[in-house]
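Given next are the chains, with one letter for each unit.
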Amino acid sequence: MFRPEVKRVLLLVIGAIECLFFGGWIFGWASLVFVFKQEGYFSDECTTGSSTVVPENRTGSPGESPTTTLPVTVGNCEEQDRQLQLVFTVANFCVAGAAFPLGLMFDKLGTLFMRILISVLMFAGSLMFGLSSSSRAFLVFPAAVCVSMGGVQLLVVNLQISNLFGRHKWFVMAIFCGCFDSSAVVFLIVKALYENLNVPIQSVFYVMTSTTFFFTFNTFFLLPKRAHIPWPPVQDEYHESSGTTQELSAVETKHVYSNDVNLKDENLRERYVHSGDSDTDHREQGASNQTTNEMPNTLSSTDNEVIESNPLSKDFPSLRSCFFSLSFLFFYFWFSILQLQVLFFVSTLNPVLTRLADNDETIVSKYTNALAFIQLGGIVCAPFSGLLLSRNKGRNRCKNKETETERLKQRGPYSDLKDASIVYAISTSIAIVFYTCSVMPFLEVQYATFVLSVFSRSFVYSLTASGTNLLFPGKYFGAVYGLMIGLSAVFSLLQYPLFIVAQDVFDGDDFWIKIGLLSASVLTYSFSIFIFFYSRRKEKALKNQIQEEAVKNADQEYNSVYL
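Residues numbered from 1 in each chain as written. Predicted model: local features only at pLDDT ≥ 70, side-chain atom pairs only at ≥ 80, totals over all residues. Heavy atoms only, no water.

Asker: Sorry, what's going on with the overall build of the protein chain here?
Answerer: For the protein chain, the count of helices and strands is 24 helices and two strands. The buried share of the protein chain, reckoned over its 563 residues, is 56%. Across the protein chain, the fraction of contacts at a sequence separation of at least 24, relative to all contacts at a separation of at least 6, is 82%. Carbon together with sulfur atoms contributes 62% to the accessible area of the protein chain, which is approximately 23000 Å² in total. (Helix = DSSP H or I, 4+ residues; strand = E, 2+ residues; numbered from the N terminus. Buried < 20%, exposed > 50% of the residue type's maximum accessible area, 1.4 Å probe, protein only. Contact = heavy atoms within 4.5 Å. Areas by Shrake-Rupley, 256 points an atom, 1.4 Å probe, with all protein chains shown as cover.)

See the structure below:
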C-alpha cells in the first residue's frame, strides 16, 4: 500500500501525534483541577472555611436544567483538595495494577490487540469525563483511570516504531516520550475553552471522545497486526531490499542484547584477543603459517555447538531473571523516586499556588496556564536525552576515516550501557535542581521550577524507556517496562499520605515533604554508579571469555599441527 520509506515516516509522524494528543493527559491534571473547582466538583465535601457562589455565564451539563446553579468553591477547601488528589493517586495506582499484565499481553498477543484495547480505554475515559458533573463527580475516578492506563500503553506500543530507525533508535524513543510528556497541553485546551469561551467541559470531552477513532489508521494500515517490529531492523515491509535504511555501522559491534551479537564477531575477537594475549597470538600465527588452508581464524565447530545463539543474552535467560536482578532493583529505585517527585509536584500544584497567591484565582489561573504552555517544551527537551545516549555512535566524529573506523571497532557490546551512566547522572542532577527551586516560597521562582520540571520529567520517562532496552533483552521489553511502570505507580501511592501529612501536620505547607524528596533524589546517583561499574565488570568478563575461547582454539590448532 505504501513504499517502505513512506511507511516509516508515516509511522513516526502519526505515532508522535498520537502520543502528543492522547498519551499523558494526566500530566495536565493541574489545569483540570482548576476547572473542576470552578464547576464545584466534590464541593459537597467542603465545610467551614469556604463558601459557594453561582458562577456567571456558565451552563450545567447537557442533562441539567439551564436554570440549575452550580456551586463554585471560593477559597481553599481542604476536603475538596483531598478528593481531587485522591483521583490523581487512584489513577496512578490503577496503572500499577494493569501495566504488567497489559505488557505481557502486548508481548504475547501482539500490536493489533493492544491498539484496540487502548482505543476502548481512551473512548470510555473521555466519555465518562463528558458525563460527569458536580452531581456526578464520582465518574471522574473511572475516567481518570481509563485515560491514564490507555495513555501509558499507547506509549509502550508506539515505542517499537523506534526500531525502524537504526542508530537513531534512542533519539526516536525520546521524541515519543517527549510528546507523551507534552500531552498535558490537552487539559490546558479544555481549561482555555471553558474559561475564555464559556464552552462546557462536557461538550469538550464529547468531542475528545469522537477523536479516539483517529487510532484506526495506524492500527489497521501501518503497524503489524500480531507481531512486533524487530530489533535490529531486518529486510521487511518497512525497509528497502538494499537495507540502506537500517543505518547501522558495519564495523561497530552491536549492543549486547541485539539479536545478531555473538562471540564469533570479528570485531570482538580483534579487540579482545589480538590486543590482550601475546601468547595466544603467537600460537594462532604459528598454526596458521603451517596450515593456512586448513585452519581458518574462526571459532571451532565445538565452539559453534556451545554458542548457538547470542551468549550475552544469557545474563537474563528468562523474564523472572530480569525481575530479580540488581539491574532491575537499581533501575526501579531511580525511576520510582524521580517519578514520585514529579507526580507530587503536579498533584499539589493547585493548592500550593493558591497558598502562595493568597487565594487569588486570577494569579492561580495565570501560573497554571504558564505551566501547561511550558510543558509543551517536553517535545524539545526529551530528544536531548536520546542525543546524549547516542553521542558516541555518530559515524563522522573523526575526520580521518581510518581513525573513525578504529573508534567504532573499539565500541564493545556494553559501550552503549557505559555511555548511559553519565546521562542518568545528568537526569538526577536536573531533578535535584528542579526540587530545590520548588521549595522556594516565591511565586516568581515557580517559572524556573516549571521549566526544570519539564526537563526532569522528559528525561525521566524517555530514559526509562531507553534504559529498559539497554539493560534487558528486547523480547521482554513489554513485560519489563510494564512492571517498571506498575511497581513505580504503587510506590507513587505515597503522594497521598504525604499530602495528608503536609495538610494536617505542617498546616498545608509542603516544604519539609519536598526537602525529604529532595534528599531521596540524591540517592538515585547510585543507579548511575551501578551502571558504570556493571558495564565495566561485564566487559571484563566478556573479554576473559573470548580470550579463553581463543586460547582453547589456538591450543587445538597448535596440537593438530605439531603433535
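And the narrative resumes.
Asker: Would you mind going over a positive patch on the surface with me for this structure?
Answerer: Where like charges cluster on the molecular surface, the positive patch consists of Lys 418, Arg 536, Lys 540 and Lys 543. At three residues, the largest contribution of residues to the positive patch is made by helix α24 (residues 525-562). Arg 536 gets classed as partly exposed once you look at its relative accessible area, which sits at 45%. (Patch = residues over 30% accessible without salt bridge, like charges linked within 9 Å, V, L, I, M, F, W, Y side chains within 5 Å. Salt bridge = Lys/Arg side-chain N within 4 Å of Asp/Glu carboxyl O. Lys, Arg positive; Asp, Glu negative; His and termini not counted. Charge placed at Lys NZ, Arg CZ, Asp CG, Glu CD.)

Asker: Help me understand the pattern of salt bridges in this model?
Answerer: Close approach of charged atoms allows side chains with opposite charge to pair. A full pass over the atoms with the stated rule returns eight salt bridges. Taking the shortest distance from any N to any O, the salt bridge between Glu 195 and Lys 191 comes out at 2.8 Å. Within this pair, Glu 195 and its partner Lys 191 are both found in helix α7 (residues 185-197), separated by four residues, close to a single helical turn. A single salt-bridge network, built from bridges that share partners, covers Arg 355, Asp 509, Asp 510 and Lys 514.

Asker: I keep staring at a nonpolar patch on the surface and nothing clicks. Help me out?
Answerer: A grouping of Phe 373, Leu 376, Ile 379, Val 380, Phe 384 and Leu 387 is seen on the molecular surface, where their side chains present a nonpolar patch of about 540 Å² in accessible area. Sorting elements by how many residues they give to the nonpolar patch places helix α17 (residues 378-389) first, with four residues. Looking at where Leu 387 falls in the secondary structure, it is placed in helix α17.

Asker: Would you take a moment to explain helix α1 (residues 4-22) for this structure?
Answerer: Think of an α-helix as turning once every 3.6 residues; residues three or four places apart then point the same way. An ideal rise of 1.5 Å per residue puts 27 Å on 19 residues; α1 measures up with 26 Å between its terminal C-alpha atoms. Residues of α1 that are buried include every one of Pro 4, Lys 7, Arg 8, Leu 11, Ile 14, Gly 15, Ala 16, Glu 18, Cys 19, Leu 20 and Phe 22, and no others. (Expected span 1.5 Å × (residues − 1).)

Asker: What should I look at first to understand the packing of aromatic side chains in this one?
Answerer: For any two aromatic rings, the description comes down to two numbers: the centre-to-centre distance and the angle of the planes. Taken as a whole and assessed by the stated rule, the structure comprises 34 aromatic pairs. Judged by centre distance (5.8 Å) and plane angle (85 degrees), the rings of Phe 335 and Tyr 461 are edge-to-face. With Phe 335 in helix α14 (residues 326-347) and Tyr 461 in helix α20 (residues 445-471), the pair connects residues that are 126 residues apart, well separated along the chain. For Tyr 461, a relative accessible area of 5% gives the class buried. The structure contains a cluster of three or more aromatic residues connected by ring pairs, namely Phe 22, Trp 25, Trp 29, Phe 36, Tyr 41, Phe 88, Phe 129, Phe 187, Phe 205 and Phe 214. (Phe/Tyr/Trp six-rings, centres within 6.5 Å; stacked < 30°, edge-to-face > 60°.)

Asker: Explain the nonpolar core here, please?
Answerer: Nonpolar side chains tend toward joint burial in soluble globular proteins. Trp 29, Phe 36, Phe 129 and Trp 334 are the most contacted members of the largest nonpolar core, which has 137 residues in total. The residues touching Trp 29, leaving out its near neighbours within four places in the chain, are Phe 36, Leu 84, Val 87, Phe 88, Val 140, Phe 187 and Val 346. (Core = buried A, V, L, I, M, F, W, Y, C linked by side-chain atoms within 4.5 Å.)

Asker: Just to check I follow, could you spell out the packing of α14 against helix α22 (residues 495-504) for this structure?
Answerer: When two helices pack together, their arrangement is captured by the angle between the axes and the distance separating the axes. Packing of α14 against α22 brings their axes to within 10 Å, and their N-to-C directions diverge by 50 degrees. When the axes of α14 and α22 are compared, the pair comes out oblique. Seen from above, α14 lies across α22 with right-handed handedness. Two secondary-structure elements touch here, α14 through Leu 340, Leu 343, Phe 344 and Ser 347 and α22 through Gln 495, Leu 498 and Phe 499. Class assignment for the residues of the contact of α14 with α22 results in five nonpolar, two polar and no charged. (Axes fitted to C-alpha atoms, helices over the stretch in contact; angles between N-to-C directions. Parallel < 35°, antiparallel > 145°, perpendicular 65-115°, else oblique. Left-handed = near helix turned anticlockwise from the far one by under 90°. Nonpolar A, V, L, I, M, F, W, Y, C, P; charged D, E, K, R; others polar.)

Asker: Teacher, can you tell me more about helix α6 (residues 169-182) here?
Answerer: For α6, built from 14 residues, the straight-helix expectation of 20 Å at 1.5 Å per residue is met to within 8% by its first-to-last C-alpha distance of 20 Å. Counted residue by residue, α6 has 13 buried out of 14 residues, so it is predominantly covered.

Asker: I would appreciate a short explanation of the packing of helix α19 (residues 415-438) against α20 in the present structure.
Answerer: At a minimum axis distance of 8 Å, the contact between α19 and α20 shows a crossing angle of 155 degrees. Judged on the interaxial angle alone, α20 and α19 are roughly antiparallel. Taken as a pair, α19 and α20 cross one another with a handedness that is left-handed. When the residues that make up the contact of α19 with α20 are grouped by side-chain class, the tally is 18 nonpolar, eight polar and one charged.

Asker: Looking at this structure, how should I read the confidence of the model for the protein chain?
Answerer: Per-residue pLDDT for the protein chain has a mean of 77; in total, 74% of the residues score no lower than 70. Ranking the helices and strands of the protein chain by mean pLDDT puts helix α23 (residues 511-522) first, with 94, and helix α12 (residues 301-306) last, with 36. Note on residues 255-261: pLDDT under 50 across the span, and 33 contacts to partners over four residues away in sequence or across chains. Overall, residues 274-312 carries pLDDT values under 50, and its contacts beyond four positions in sequence, including any with other chains, amount to 61 contacts. (pLDDT = per-residue confidence, 0-100.)

Asker: Any chance you could explain the environment of Ile 229 here in plain terms?
Answerer: Relative to the assigned elements, Ile 229 resides in the loop between α9 (215-222) and α10 (266-272). Between the C-alpha atom of Ile 229 and that of Leu 159, which follows or precedes it by 70 residues, the distance is 9.7 Å.

Asker: Would you mind going over unusual backbone geometry with me for this structure?
Answerer: Negative phi is the rule for most residues except glycine; trans is the rule for most peptide bonds. With a phi angle near 60 degrees, Asn 198 is a residue other than glycine that sits in the positive phi range. Within the fold, Asn 198 resides in the loop between α7 and α8 (201-211). The class of Asn 198 is partly exposed, set by a relative accessible area of 39%. Its identity as a non-glycine residue notwithstanding, Asn 359 has a phi of 65 degrees, on the positive side.

Asker: Please explain the side chain of Lys 191 as it appears in this structure.
Answerer: Looking at Lys 191, the relative accessible area reads 0%, which means it is buried. A distance of 2.8 Å separates polar atoms of two side chains, one belonging to Lys 191 and the other to Glu 195. When near neighbours in sequence (up to four residues on either side) are disregarded, Lys 191 contacts Ser 31, Phe 34, Val 35, Ser 365, Thr 368 and Asn 369. (Polar contact = N/O pair within 3.5 Å; in protein donor to acceptor, adjacent residues only side chain to side chain.)

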